[in-house]
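Fold and contact review
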Amino acid sequence: MLRWNGWGDKSVDFPLLPGAREMLREFLGEGKPGSDYPLEKLIDRVPRSRISPHPLISTDPKERIVHAHGQSLPDWIALRGGTLQRFPDGVALPNTLGDLQELLTFAEKNKLVVIPYGGGTSVVGHLDVPEGKRPVLSLSLRHLNRLIDLDSYNLLATFEAGIRGPDLEAQLRAKEFTLGHFPQSFEYSSLGGWIVTRACGQESTHYGRMDELFAGGEILTPKGPMSVPPFPASAAGPDLRHILLGSEGRLGVLTRATVKISLLPERHDIYGVFFPSWKSAVEAVRMLATARLPFSMIRLSNQTETRTNLALAGHSWQLSLLKRYLRLRKIPEEEACMCLIGLIGQRRIVNAARREATFIINRNDGIFVGKAMGEAWKKNRFRTPYLRNTLWDIGYAVDTVETAVTWDKVTAAMQSIEKAFVNGLAPWNEKVHAFTHLSSVYTTGSSVYTTFVFRLAETPDETLTRWQTLKKAASLAIVAAGGTITHQHGIGIDHKPYVGYEKGPIGLSTLREICSHIDPDQRMNPTKLV
Ligand SMILES: Cc1cc2nc3c(=O)[nH]c(=O)nc-3n(C[C@H](O)[C@H](O)[C@H](O)COP(=O)(O)OP(=O)(O)OC[C@H]3O[C@@H](n4cnc5c(N)ncnc54)[C@H](O)[C@@H]3O)c2cc1C
């Protein structure tokens, strides 16, 4: 059963090892657990629905609460603190394309706002209910989850857009294929959500981001259906796939999508590597990225993230063994940067790539520590988000910011983002624990992904104010460092103030014009994106 005010299944936990708790206490002080607002009280606060009855629309208050938010930190603060203010007036779960069409016609006739809902894992406010007089319908695609066609000759598969990660992969794996898209939210996020937020998975270095995996699809827009055929390539003017990618529900409901699939790899080995300094590590990773070897992933943690990860993952005897080995190999403990490097594909090619990668790693003073860390990472890759529940319960909030910059800007961007966090709560005399990794690497640059942890305040409003202060400081640092405001999470509401910096006035007005051309009544997920 799903947690109504946290992440994931109730039966799954990610307990904190004593060393990690001690580390947090040392960095931030003892956490201050807040009291959790009870569901029954929140149900009492859900106002009467403004939608006239319809057989496909539920007005059940609990459904309306569940669909009133995503998984951003402001969403969490509002849920846990009982300050959630706005709820959709109804929730519809169409079973067929016919149901969906009928619901959109009903929405048009009754002047409803429609918010498409995939898996509800947005972390930037995509699903937040706008203020206004028009009733709001949350349109969940959960039941539109069928495999329509698996074309093993052309390596294309077409699914209904509401299908979630595990179902999609299971159906492909049964025929020895994979999509290869594994965001950390894989267990709950949906194909449609991945496409319209331009998601990036943990193995995107090999398989490509959703931008590349999305071959074509169908969308029901307020102006009617629109279809984008899955050509292998085309020079017929601007590519309309790119209007759907990143559209965040503003242009209509993506109903089905054709994606590029791959044969399951013969081998996927993930190696742990340690570098003696950030400088040598970044140079090695840049050289690896430009070598175009068959990497599934390259994930480089900075010193603080390395220490934090080791405290989270390791029992003390394992840690001391590792530290002894690092000392032996002349890697200073305080400076050590851990890197996970995945090689994927046919055995012969993986073996050759490993030789080439070893050469680059050795040249930059890195050392291999075997595959155990990679195996542990693989095992826990979808469990880590459960830490958000654990940390909250002991009085800490955790969130992330992410950007992408060219190689020459990586270190400066990381430093100024972390600085924005570390100094961000000085007016409250509170500390922030911030640490960073590079995960999606490209020949031209890398994503920079920073996690920050801070103590909950006395009240939800105060915690929100602190988060707003930190988010603003970090976002301005990203802009100043020459990065995009988001490498993978999308715009939603939280990144809206910063989009103009990278799109410019003409770019922004073009996006606005596209939205108002397709949706002149601003019916589809208004207030998001632009
Ligand atoms: C713990 C955690 C880990 C995460 N890890 C990653 C990660 O590794 N990589 C990454 O890229 N993101 C990650 N995210 C962010 C999030 O999972 C992605 O943005 C994801 O793509 C959202 O998919 P969803 O199905 O949950 O969409 P939702 O959250 O339901 O919706 C997101 C937006 O898409 C629109 N939408 C959804 N489906 C449709 C549709 N069929 N048609 C039209 N519009 C639609 C909604 O209206 C909304 O605007 C993570 C989030 C969490 C909470």
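Since this is a predicted model, take the numbers as computed values, not measurements.

**Digging into the site of the ligand**
The environment of the ligand is made up of 36 residues, and the closest members are Pro116, Thr121, Ser185, Ser190 and Cys200. Pro116 has a polar backbone atom sitting 2.6 Å from an oxygen atom of the ligand. Taking Thr197, its side chain carries an N or O atom lying 2.9 Å from an oxygen atom of the ligand. Its free accessible area being 970 Å², the ligand has 97% of it covered by the protein chains. Going through the elements one at a time, strand S3 (113–117), helix H7 (191–196) and strand S10 (253–260) are the ones with two or more residues in the shell around the ligand.

**Re the sheet that holds strand S9 (residues 224–228)**
One open sheet accounts for five strands, arranged S5-S6-S10-S8-S9; its pairing is antiparallel. Whereas interior strands pair on both sides, the edge strands pair on one side only; in this sheet they are strand S5 (147–151) and S9. Here the strands of the sheet are splayed against their neighbours by 10° on average, with no regard to which way each runs.

**Quick notes on the domain arrangement of the protein chain**
When its domains are assigned, the protein chain resolves into domain 1 (31–140), domain 2 (147–263), domain 3 (267–379) and domain 4 (385–489). Between domain 1 and domain 2, the C-alpha centre-to-centre distance is 25 Å. At the boundary of domain 1 with domain 2, total buried surface from both sides reaches about 940 Å², with 69% on carbon and sulfur atoms. Contact with domain 2 buries surface across domain 1, with Pro116, Thr121 and His126 losing the most and accounting together for 41% of the total.

**Quick notes on the sheet that holds strand S1 (residues 57–58)**
Across a sheet, strands are paired by hydrogen bonds formed along the backbone, either parallel or antiparallel in direction. The mixed open sheet is built from four strands, whose spatial order is S1-S2-S4-S3. Every other strand in the sheet has two partners, leaving S1 and S3 as the edge strands with one partner each. With two bridges joining them, S1 and strand S2 (residues 90–92) adopt antiparallel strand pairing. Paired with Ile57 across the bridge in S2 is Ala92. Where helix H5 (residues 97–109) meets the sheet, its contacts fall on S1, S2, S3 and strand S4 (136–140), and the angle it forms with S4 comes to roughly 170°.

**Some points on the pattern of salt bridges**
Within this structure, the stated rule accounts for 24 salt bridges. The salt bridge partner of Glu30 is Arg25, with a shortest N-O separation of 2.7 Å.

**Describing helix H11 (residues 278–290)**
Taking 1.5 Å of rise per residue, 13 residues should cover 18 Å, and H11 covers 18 Å from first to last C-alpha, within 8% of that figure. When we look at burial in H11, the residues that qualify are Trp278, Ser280, Ala281, Val282, Ala284, Val285, Met287, Leu288 and Ala289. One or two positions beyond H11, positive phi appears at Arg292, with a value near 55°.

**Description of the nonpolar core**
Ranked by internal contacts, the top residues of the largest apolar core, which has 107 residues, are Leu191, Leu300, Phe421, Phe452 and Phe454. Per element, the largest residue contribution to this core is eight residues, and it comes from H11. Those residues in contact with Leu191 that sit more than four places away from it in its chain are Phe159, Glu160, Ala161, Ile163, Leu168, Met210, Ala257 and Val259. Core analysis: the second largest hydrophobic core is formed by 17 residues, Leu104, Phe106, Leu137 and Met524 among them.

**Quick look at helix H1 (residues 18–28)**
Taken as a whole, H1 has its buried residues at Ala20, Met23, Leu24 and Leu28. Around the axis of H1, the buried residues are gathered within 100° of arc, so they sit on the same side. Exposed and facing more than 90 degrees away from the buried side of H1 are Pro18 and Glu26. Against the buried residues of H1 lie helix H12 (303–313), helix H16 (387–393), strand S16 (396–406), strand S17 (432–438) and strand S18 (445–455). Looking at the residues trailing H1, positive phi occurs at Gly29, about 90°.

**Here we look at the pairing of S18**
Along S18, eleven of the eleven residues are buried, which leaves the element largely enclosed by surrounding structure. Here S17 runs beside S18; their pairing, made up of six bridges, is antiparallel. Within S18, the position partnered with His437 by the bridge is Tyr449. A loop of six residues connects S17 with S18, the two strands running antiparallel in sequence.

Definitions and limits used
Residues numbered from 1 in each chain as written. Predicted model: local features only at pLDDT ≥ 70, side-chain atom pairs only at ≥ 80, totals over all residues. Heavy atoms only, no water. Near = heavy atom within 4 Å. Polar contact = N/O pair within 3.5 Å; in protein donor to acceptor, adjacent residues only side chain to side chain. Areas by Shrake-Rupley, 256 points an atom, 1.4 Å probe, with all protein chains shown as cover. Helix = DSSP H or I, 4+ residues; strand = E, 2+ residues; numbered from the N terminus. Pairing = 2+ DSSP bridges. Axes fitted to C-alpha atoms, helices over the stretch in contact; angles between N-to-C directions. Domains from an automatic or database assignment. Buried area = accessible area lost by both parts, 1.4 Å probe. Contact = heavy atoms within 4.5 Å. Salt bridge = Lys/Arg side-chain N within 4 Å of Asp/Glu carboxyl O. Expected span 1.5 Å × (residues − 1). Buried < 20%, exposed > 50% of the residue type's maximum accessible area, 1.4 Å probe, protein only. Core = buried A, V, L, I, M, F, W, Y, C linked by side-chain atoms within 4.5 Å. Arc of directions from axis to C-beta.

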